[in-house]
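What follows is the residue order along each chain.
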Amino acid sequence: MSSERSSLRCRVGGLDLRSPIIAASGTWPHDPSFWRGELTAGLGAICTKGITRNRREGNRGIRLWETPCGLLNSIGLQNSGVEAFISGELPEIGSRDVSLIANVAVEDLPSLAEVLKLLASVKDQIDAVELNISCPNVDEGGIAWGSNPESTAKAVACARSLWGGPLWVKLTPHACDIVKVATSAQECGADALVVANTWLGMAIDVESEKPVFDRVVAGLSGPAVFPLALRLVWEVARCVSIPVIGCGGIAEARDVVAMLFAGASAVEMGTALFLDLNLPAKFTLILKEYMQRHGYASTEEMVGVASHAGGI
Ligand SMILES: Cc1cc2nc3c(=O)[nH]c(=O)nc-3n(C[C@H](O)[C@H](O)[C@H](O)COP(=O)(O)O)c2cc1C
């Protein structure tokens with residue numbers, strides 16, 4: 001089969017994507033010039049930084065800390081608020097040549113409702129909403145929403161009633177039972193599940209003898225979490241009927257293949273982009289060559305291939 005005949009086009013959670021590789025929230029540059037042209041060639045979509053009702057300054061103190069094979073972040077949802085997003089950022093990225101997924105951070109239900117009503121007023125400019133019920137870096141809301149099926153149901157049902165377009169829900173690896181949380185999100189109308197956000201970690205500065213981060217804990221991402229995320233994708237994908245988007249630690253093209261084989265229909269990558277924004281374009285070429293070598297005409301044929309092996 002010629003590599004031209006291997007297509008990366010796929011339909012995932014109500015979205016038509018030209019590639020199953022998506023830039024994860026908070027990791028793609030804000031500058032609109034990065035939303036068009038060659039850099040985006042390997043991407044199916046870009047997720048915005050988490051959007052909240054009002055402007056947030058983010059957390060004080062150190063926000064990023066490198067670990068062996070990983071990155072701890074404590075950004076704290078710094079963003080200019082939904083109105084500034086709509087009036088300032090959205091027009092600037094209007095002429096993008098990649099789909100836009102608006103990542104909405106759930107703080108409380110009234111604020112969520114206001115954010116979604118405002119986004120619904122510009123629904124033609126937004127391809128999907130990704131509901132972040134999994135932020136580990138804020139004191140109120142955040143990860144607490146996604147930690148159990150009941151609160152997940154409230155957040156997803158609220159979002160579903162106000163947003164008619166594709167609705168993706170981003171889960172936390174720290175859910176009490178991620179399969180139950182995933183099932184709850186599906187029952188309340190999610191079109192796809194992103195598995196998963198960062199893992200709670202911490203760092204201690206041995207010179208100052210104190211935790212590095214003002215909030216002590218922070219979210220771990222990068223290659224260190226890839227095997228953990230892969231396992232969650234495997235577990236969730238076999239229990240839900242909506243698509244799963246694998247996220248966590250993707251750093252090589254083979255990681256994309258492994259996520260698809262575990263049951264993901266697409267992937268999001270973040271931390272690796274800090275090293276090289278061209279990775280999605282590079283992965284696209286490697287992926288097509290792999291598909292040709294293994295006789296796959298589309299990535300859809302690859303989804304869940306490995307999921308019948310093994311006995312969990
Ligand atoms: C600096 C930074 C900022 C992030 N901001 C957000 C955010 O605003 N909303 C969100 O849902 N996830 C956010 N994330 C999590 C990423 O979208 C992604 O889920 C996580 O980093 C795991 O993927 P990775 O290992 O490929 O980076 C952020 C991650 C990093 C490193």
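Below: a short report on this structure. Not measured: the values here are computed from a predicted model.

Some words on the packing of helix α3 (residues 149-162) against helix α4 (residues 178-187)
Here comes step 1: One way to put it is that α3 packs onto α4 with a least axis distance of 8 Å and a crossing angle of 25°. When the interaxial angle is binned, α3 and α4 end up roughly parallel. Considering the relative orientation of α3 and α4, their crossing is right-handed. For the pair α3 and α4, the contacting residues are P149, T152, A153 and V156 in the first and K180, V181, S184 and A185 in the second.

Quick look at the site of the ligand
Here comes step 1: The local shell around the ligand holds 24 residues, among which S25, K170, G249, G270 and T271 are the closest.
Here comes step 2: S25 is positioned such that a nitrogen or oxygen atom in its backbone is 2.8 Å from an oxygen atom of the ligand.
Here comes step 3: At 2.9 Å from an oxygen atom of the ligand is found a side-chain nitrogen or oxygen belonging to N103.
Here comes step 4: Protein burial of the ligand: of its 610 Å² of free accessible surface, 97% is covered by the chains.
Here comes step 5: Of the residues in the shell around the ligand, the class split is eight nonpolar, 14 polar and two charged.

Notes on unusual backbone geometry
Here comes step 1: A cis amide bond links V195 with the next residue in sequence, A196, at an omega value of 10°.
Here comes step 2: On the secondary structure map, A196 appears in the loop between β10 (192-195) and β11 (199-202).
Here comes step 3: Phi is positive for V216, which is not a glycine, with a value near 70°.
Here comes step 4: Looking at the element boundaries, V216 is found in the loop between β13 (210-211) and β14 (217-221).

Focus on the side chain of N103
Here comes step 1: Take N103: it is sitting in strand β7 (residues 99-105).
Here comes step 2: N103 gets classed as buried once you look at its relative accessible area, which sits at 0%.
Here comes step 3: Among residues more than four places away in sequence, those in contact with N103 are S25, T48, K49, G50, I51, E130, N132 and K170.

Here's the deal with the packing of helix α5 (residues 226-237) against helix α6 (residues 253-262)
Two numbers describe a pair of packed helices, the interaxial angle and the distance between the axes.
Here comes step 1: Two numbers describe how α5 lies on α6: the axes approach to 8 Å, and their chain directions differ by 25°. Regarding the angle of α5 to α6, the classification is roughly parallel. Mapping the contact onto sequence places F226, A229, L230, V233, W234 and A237 in α5 and D255, A258, M259 and A262 in α6.
Here comes step 2: Split into classes, the residues belonging to the contact of α5 with α6 amount to nine nonpolar, no polar and one charged.

Focus on the state of the cysteines
Here comes step 1: On inspection of all chains with the given rule, the structure shows zero disulfides.
Here comes step 2: Counting only cysteine sulfurs, C158 is the nearest neighbor of C188, a cysteine outside any disulfide, at a range of 11 Å.
Here comes step 3: Here C239 stays free of any disulfide, with the sulfur of C176 as its closest cysteine sulfur at 15 Å.

Overview of the sheet that holds strand β16 (residues 266-269)
Here comes step 1: Pairing is parallel in the closed barrel, where eight strands are placed in the order β3-β4-β7-β8-β9-β10-β15-β16. Strand-to-strand twist across the sheet, computed as the mean angle between neighbouring axes with direction ignored, equals 25°.
Here comes step 2: The pairing of strand β15 (residues 244-247) with β16 spans three bridges and is parallel. Bridged to G246 within β16 is V267.
Here comes step 3: Packing of helix α2 (residues 109-120) onto the sheet brings it into contact with β7 and β8 (128-132), and relative to β7 it is tilted by some 160°.

Remarks on the packing of aromatic side chains
Here comes step 1: If you walk through the whole model with that rule in mind, you get two aromatic pairs.
Here comes step 2: Ring centres 6.2 Å apart and planes at 55° place the aromatic pair F261 and Y296 in the tilted group. Of the two residues, F261 sits in helix α6 while Y296 sits in the segment after α7 (279-294), which places them 35 residues apart along the sequence.
Here comes step 3: The buried category is assigned to F261, whose relative accessible area is 16%.
Here comes step 4: Using a relative accessible area of 16% as the deciding quantity, one classes Y296 as buried.
Here comes step 5: The structure contains a cluster of three or more aromatic residues connected by ring pairs, namely F261, Y290 and Y296.

Notes on the pairing of strand β5 (residues 64-67)
Here comes step 1: Relative to strand β6 (residues 70-73), β5 runs antiparallel, the two sharing four bridges. Following the sheet pairing, W65 is matched in β6 by L72.
Here comes step 2: What sits between the antiparallel neighbours β5 and β6 is a turn of two residues, in which C69 has the positive phi angle 65°.

Calculation notes
Residues numbered from 1 in each chain as written. Predicted model: local features only at pLDDT ≥ 70, side-chain atom pairs only at ≥ 80, totals over all residues. Heavy atoms only, no water. Axes fitted to C-alpha atoms, helices over the stretch in contact; angles between N-to-C directions. Helix = DSSP H or I, 4+ residues; strand = E, 2+ residues; numbered from the N terminus. Parallel < 35°, antiparallel > 145°, perpendicular 65-115°, else oblique. Left-handed = near helix turned anticlockwise from the far one by under 90°. Contact = heavy atoms within 4.5 Å. Near = heavy atom within 4 Å. Polar contact = N/O pair within 3.5 Å; in protein donor to acceptor, adjacent residues only side chain to side chain. Areas by Shrake-Rupley, 256 points an atom, 1.4 Å probe, with all protein chains shown as cover. Nonpolar A, V, L, I, M, F, W, Y, C, P; charged D, E, K, R; others polar. Buried < 20%, exposed > 50% of the residue type's maximum accessible area, 1.4 Å probe, protein only. Disulfide = S-S within 2.5 Å. Pairing = 2+ DSSP bridges. Phe/Tyr/Trp six-rings, centres within 6.5 Å; stacked < 30°, edge-to-face > 60°.

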